[in-house]
Amino acid sequence: MIQLDDKGLVSAIVQDDATGRVLMLGYMNPEALERTLGGDNVWFYSRSRSELWLKGETSGNFLKVKSLHLDCDGDAILVKADPIGPTCHTGEESCFFIPLMEMREIKTRDRGPGITDELFALIQSRKDEMPEGSYTTALFEQGAPRIAQKVIEEAGEAAIAGVIGDRDALASEVADMIYHTLVLLAAEGVTPEDVWAKLRERRK
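These numbers come from a predicted model, not from an experiment. (Residues numbered from 1 in each chain as written. Predicted model: local features only at pLDDT ≥ 70, side-chain atom pairs only at ≥ 80, totals over all residues. Heavy atoms only, no water.)

## Thoughts on the overall build of the protein
Piece 1. When helices and strands are counted, the protein shows six helices and six strands.
Piece 2. Element order for the protein, N to C, with α for helix and β for strand: β-β-α-β-β-β-β-α-α-α-α-α.
Piece 3. For 204 residues, the compact-globule estimate of 2.2 N^0.38 gives 17 Å, and the protein exceeds it by more than 25% at 22 Å.
Piece 4. C-alpha extents for the protein along the principal axes are approximately 65 × 45 × 35 Å.
Piece 5. Taking all 204 residues of the protein together, the buried fraction comes to 28%.
Piece 6. Total accessible area on the protein stands at roughly 13,400 Å², and carbon and sulfur atoms take up 54% of it.
Piece 7. Taken together, the 23 basic and 35 acidic charged side chains of the protein have centroids lying 4 Å from each other. (Helix = DSSP H or I, 4+ residues; strand = E, 2+ residues; numbered from the N terminus. Rg over C-alpha atoms; globule rule 2.2 N^0.38 Å. Buried < 20%, exposed > 50% of the residue type's maximum accessible area, 1.4 Å probe, protein only. Areas by Shrake-Rupley, 256 points an atom, 1.4 Å probe, with all protein chains shown as cover. Lys, Arg positive; Asp, Glu negative; His and termini not counted. Charge placed at Lys NZ, Arg CZ, Asp CG, Glu CD.)

Given below as structure tokens:
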């Protein structure tokens, strides 16, 4: 059984079928995997663009599928392929061409759903410690009815921003709505994982 991660994706390692060289690491969602299994070329899911992409569609450097194997834990796929041209967007044969002989600077990607877990952890700590001067503490002190009211207010402001086409305001108001929603979840003893579980049910 294929085990998708919390974003609905599975890692896909691509290997040159002829030479055995590892060419790249990508990610597939169920549709990308289905297209790869049912066709001649390798498909991926772009996490940055949030869309399917056919490797080689713009560059012409396709990956012709030879075989796919699932690892023992079910959370990674090995794709053996015949590369048509260089696989890396830099023009290199493989994406793995930078020697790593010592520890280099490590950059953390502060983007995507991971920030939700960090923010919820902070909200939980505010609930446990109730530090003075914290807006989150003030919300908890006012109780679930006030927090729920804030969720409704922010949802309304987000809807208005969407209607008038104010993209910056829409992003800001949705962020406010998500924040207050997380506070409401914490107040009622519900976690984001409980929400993710409900969303996973809706994929069926």
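Moving on from the coordinates now.
## Remarks on the packing of helix 3 (residues 135–142) against helix 4 (residues 144–164)
Piece 1. It is the contact of helix 3 with helix 4, at a shortest axis distance of 5 Å, that shows an interaxial angle of 120°. In this view, helix 3 runs oblique relative to helix 4, as classed from their interaxial angle. Every residue of helix 4 that contacts helix 3 at Tyr 135, Leu 139, Phe 140 and Gln 142 is listed here: Arg 146, Ile 147 and Lys 150.
Piece 2. In the contact of helix 3 with helix 4, the residues fall into four nonpolar, one polar and two charged. (Axes fitted to C-alpha atoms, helices over the stretch in contact; angles between N-to-C directions. Parallel < 35°, antiparallel > 145°, perpendicular 65-115°, else oblique. Contact = heavy atoms within 4.5 Å. Nonpolar A, V, L, I, M, F, W, Y, C, P; charged D, E, K, R; others polar.)

## Regarding the side chain of Glu 154
Piece 1. Within the secondary structure, Glu 154 is located in helix 4.
Piece 2. Residues within four places of Glu 154 in sequence aside, it is in contact with Glu 173, Asp 176, Met 177 and His 180.

## Examining the sheet that holds strand 5 (residues 63–70)
Piece 1. The sheet built from four strands is open, its strands ordered 2-1-6-5 with mixed pairing. The outermost strands of the open sheet, each flanked by one partner alone, are strand 2 (22–28) and strand 5. Strand-to-strand twist across the sheet, computed as the mean angle between neighbouring axes with direction ignored, equals 30°. (Pairing = 2+ DSSP bridges.)

## A look at helix 2 (residues 114–129)
Because an α-helix completes one turn every 3.6 residues, residues spaced three or four positions apart along the sequence face the same direction.
Piece 1. With 16 residues, helix 2 should reach 22 Å at 1.5 Å per residue; the first-to-last C-alpha distance of 23 Å fits that figure.
Piece 2. Listed as buried for helix 2 are Thr 116, Phe 120 and Ile 123. On an axial view of helix 2, the arc spanned by its buried residues comes to 60°, and they lie on one face. The exposed residues of helix 2 that point more than 90 degrees off its buried face are Glu 118, Asp 128 and Glu 129.
Piece 3. Its buried side turned inward, helix 2 meets helix 3, helix 5 (167–187) and helix 6 (192–201). (Expected span 1.5 Å × (residues − 1). Arc of directions from axis to C-beta.)

## Quick word on the packing of aromatic side chains
Piece 1. Tallying each qualifying case throughout the model produces two aromatic pairs.
Piece 2. Over the face of the ring belonging to Trp 43 we find Arg 35, whose NZ or CZ atom lies 4.6 Å from the ring centre. (Phe/Tyr/Trp six-rings, centres within 6.5 Å; stacked < 30°, edge-to-face > 60°. Lys NZ or Arg CZ within 6 Å of the ring centre and 35° of its normal.)

## A look at unusual backbone geometry
Peptide bonds are trans in most cases, and residues, glycine excluded, mostly fall at negative phi.
Piece 1. Even without glycine at this site, Met 130 takes up a positive phi of about 45°.
Piece 2. Here Met 130 is to be found in the loop between helix 2 and helix 3.

## Observations regarding the side chain of Thr 137
Piece 1. Position of Thr 137 among the secondary structure elements: in helix 3.
Piece 2. Judged by its relative accessible area of 3%, Thr 137 is buried.
Piece 3. Beyond its immediate stretch of four places on either side in the chain, Thr 137 contacts Arg 126, Met 130 and Pro 131.

## Considerations on the pattern of salt bridges
Piece 1. One pass over the structure, following the stated rule, counts seven salt bridges.
Piece 2. Across the pair Glu 153 and Arg 146 runs a salt bridge, and its minimum N-O distance is 3.6 Å.
Piece 3. Between Lys 150 and Glu 153 there is a salt bridge whose closest N-O contact spans 3.4 Å. In this pair, Lys 150 and Glu 153 both sit in helix 4, three residues apart, roughly one turn of the helix.
Piece 4. Here the residues in one salt-bridge network are Arg 146, Lys 150, Glu 153 and Glu 154, joined through shared partners. (Salt bridge = Lys/Arg side-chain N within 4 Å of Asp/Glu carboxyl O.)

Read these as layout, nothing more, since geometry by itself doesn't imply function.
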